[in-house]
Amino acid sequence: MRSDALTTSSVFEANRARGAVRFDVHARDGVTRRGVLHESGSLRVRFPSPEGEGLSGVFVNTAGGVAGGDSFDIEIAAGQGSRLTLTTAAAEKVYRAPRAAAQLNIALKVAAGAHLGWLPQETILFDRARVHRRFDIELDEAASLLLCEIVVFGRTAMGERMEQGEFIDRWRLRRGGKLVFAETVRLDGNIGAKLGRSAVANGGAAIGTALIAPGDEPLIERIREASESFAGEVGISAWNGFAMARFCAQDAARLRADMMAVLARTGAALPRLWLN
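> Which parts of the structure should I look at to understand the overall build of the protein chain?
Along its length, the protein chain carries five helices and 17 strands. In terms of overall dimensions, the protein chain is globule-like: its C-alpha atoms have a radius of gyration of 19 Å, near the 19 Å expected for 276 residues. Referenced to the eigenvectors of the C-alpha coordinate spread, the extents of the protein chain come out at roughly 65 × 45 × 35 Å. A burial count over the protein chain gives 46% of its 276 residues as buried.

This is how it looks when you write it as structure tokens:
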């Protein structure tokens, strides 16, 4: 029985999901079009009909979620003058990982005059999930970026919370080749107890970040005008030529509503999938 259990475990570990998407977009006669696309494993990207001059992409994970030991890599280059908005077909679920953590690596490059909107639906971490995520972003000084991420610790609508696990989130943003923002968030062990601390999430189960470049004080003031409508806590600041909004709420629905209120103040058009 012990031998059978070890064999089953080794087979499970070897049968992990792998996925990669790499592509570029370029502007021609003022219209953004896709260039070379590479897809492998269980990760796909689909492009609905063009809307105006920009291009929209939707990521699909055919594995049905992310489990321990899975690995997904995304590399995107937005060429000069292009406009690209990306989202996901559904919320991404990260399941329990008894051993190795899942690895999510995202590399974004935005050329002069280009705009990239990274607007996935929320990432939901189940109890005992383990995931390491990494963002590497390179912006030209004349490029613009809107990057939003929502992380939910358990399906609160189902009465579930993440108690134990590991979440490591590393962000590096370079503009004109210069590092202007670097941050690594690490939550591990008894995450449920840590989220309960007033200095962390004060019992909230959802956190989010919106990074806006370029960003300045007038933009911050426009966002603050909507503060009375926020259902959770929202902190906003600007430095080094970009703006950032931080979100914390009791559940995903409240945080999502706050995120949408902030994005409305930036003038960003939300993906249709956010509105369904």
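> Honestly, the nonpolar core in this entry has me stumped. Any pointers?
Ranked by internal contacts, the top residues of the largest apolar core, which has 50 residues, are Ile76, Trp118, Leu125, Leu147, Phe153 and Leu211. Ignoring sequence-local partners within four residues, the contact set of Phe153 consists of Leu125, Arg161, Met162, Phe167, Leu187, Ile191, Leu195, Ala205 and Ile207. One finds Ile150, Ile212, Phe247 and Leu263 within the second-largest nonpolar core, a separate group that totals 26 residues.

> I tried to follow the packing of aromatic side chains on my own but got confused; where do I start?
Each pair of aromatic rings is reported with the distance of its centres and the angle of its planes. Counted by the stated rule, this structure contains nine aromatic pairs. Centre to centre, the rings of Phe153 and Phe167 are 6.1 Å apart; their planes meet at 80°, and the pair counts as edge-to-face. Residue Phe153 is located in strand 12 (residues 144-153), and its partner Phe167 is located in strand 13 (residues 164-175); the two are separated by 14 residues in the primary sequence. Accessibility expressed as a relative area gives 1% for Phe153, which makes it buried. Three or more aromatic residues joined by ring pairs make a cluster, and in this case those are Phe59, Trp118, Phe135 and Trp171. The ring of Trp274 has Arg256 sitting right over it, with the charged end atom 4.9 Å from the ring centre.

> Please explain the environment of Thr156 as it appears in this structure.
Tracing the sequence through the fold places Thr156 in the loop between strand 12 and strand 13. Looking at Thr156, the relative accessible area reads 27%, which means it is partly exposed. For Thr156 and Gly189, which are 33 residues apart along the polypeptide, the C-alpha to C-alpha distance reads 20 Å. For Thr156, the contacting residues outside a window of four places in its chain are Arg161, Ala205, Gln250, Asp251 and Ala252.

> Help me understand the sheet that holds strand 5 (residues 71-78) in this model?
Hydrogen bonds between backbone groups are what pair the strands of a sheet, and the pairing can be parallel or antiparallel. With respect to topology, seven strands assemble into an open sheet ordered 2-1-5-8-11-13-14, the strand pairing being mixed. Edge positions in the sheet fall to strand 2 (31-41) and strand 14 (178-190), since each of these pairs with one other strand and no more. Adjacent strand axes in the sheet meet at a mean angle of 5°, parallel and antiparallel pairs treated alike. As paired strands, strand 1 (residues 18-28) and strand 2 are joined by nine bridges and run antiparallel to one another. Across the sheet, the residue bridging to Arg22 is His38, located in strand 2.

> How do you make sense of the pattern of salt bridges when you look at a structure like this?
Two side chains with opposite charge may pair up if their charged atoms get near one another. Per the stated rule, a full pass over the model turns up 14 salt bridges. The salt bridge involving Arg170 is made with Asp136; its shortest N-O contact spans 3.3 Å. Of this pair, Arg170 sits in strand 13 while Asp136 sits in strand 11 (residues 130-139), and the two are 34 residues apart along the sequence. The salt bridge involving Glu225 is made with Arg265; its shortest N-O contact spans 3.1 Å.

> I would appreciate a short explanation of the packing of helix 3 (residues 217-224) against helix 4 (residues 252-266) in the present structure.
Helix-helix packing is characterised by the crossing angle of the two axes and by the distance between the axes. One can describe the packing of helix 3 onto helix 4 by two numbers: an axis separation of 9 Å at closest approach and a directional angle of 135°. What the angle tells us is that helix 3 and helix 4 run oblique. Judged by the sense of rotation from one axis to the other, the crossing of helix 3 with helix 4 is right-handed. Contacts between helix 3 and helix 4 involve Leu219, Arg222 and Ile223 from the first element and Val262, Arg265 and Thr266 from the second. A breakdown of the residues in the contact of helix 3 with helix 4 according to their chemical character gives three nonpolar, one polar and two charged.

> Before we go on, may I ask you to explain the state of the cysteines in this structure?
Note on terminology: disulfide describes a covalent bond linking the sulfur atoms of two cysteines. Counted according to the given criterion, the structure contains zero disulfides. Cys148 takes part in no disulfide bond, and the closest cysteine sulfur, belonging to Cys248, lies 16 Å away. Relative accessible area serves as the criterion here: at 1%, Cys148 is assigned to the buried category.

Cut-offs applied
- Residues numbered from 1 in each chain as written.
- Predicted model: local features only at pLDDT ≥ 70, side-chain atom pairs only at ≥ 80, totals over all residues.
- Heavy atoms only, no water.
- Helix = DSSP H or I, 4+ residues; strand = E, 2+ residues; numbered from the N terminus.
- Rg over C-alpha atoms; globule rule 2.2 N^0.38 Å.
- Buried < 20%, exposed > 50% of the residue type's maximum accessible area, 1.4 Å probe, protein only.
- Core = buried A, V, L, I, M, F, W, Y, C linked by side-chain atoms within 4.5 Å.
- Contact = heavy atoms within 4.5 Å.
- Phe/Tyr/Trp six-rings, centres within 6.5 Å; stacked < 30°, edge-to-face > 60°.
- Lys NZ or Arg CZ within 6 Å of the ring centre and 35° of its normal.
- Pairing = 2+ DSSP bridges.
- Axes fitted to C-alpha atoms, helices over the stretch in contact; angles between N-to-C directions.
- Salt bridge = Lys/Arg side-chain N within 4 Å of Asp/Glu carboxyl O.
- Parallel < 35°, antiparallel > 145°, perpendicular 65-115°, else oblique.
- Left-handed = near helix turned anticlockwise from the far one by under 90°.
- Nonpolar A, V, L, I, M, F, W, Y, C, P; charged D, E, K, R; others polar.
- Disulfide = S-S within 2.5 Å.

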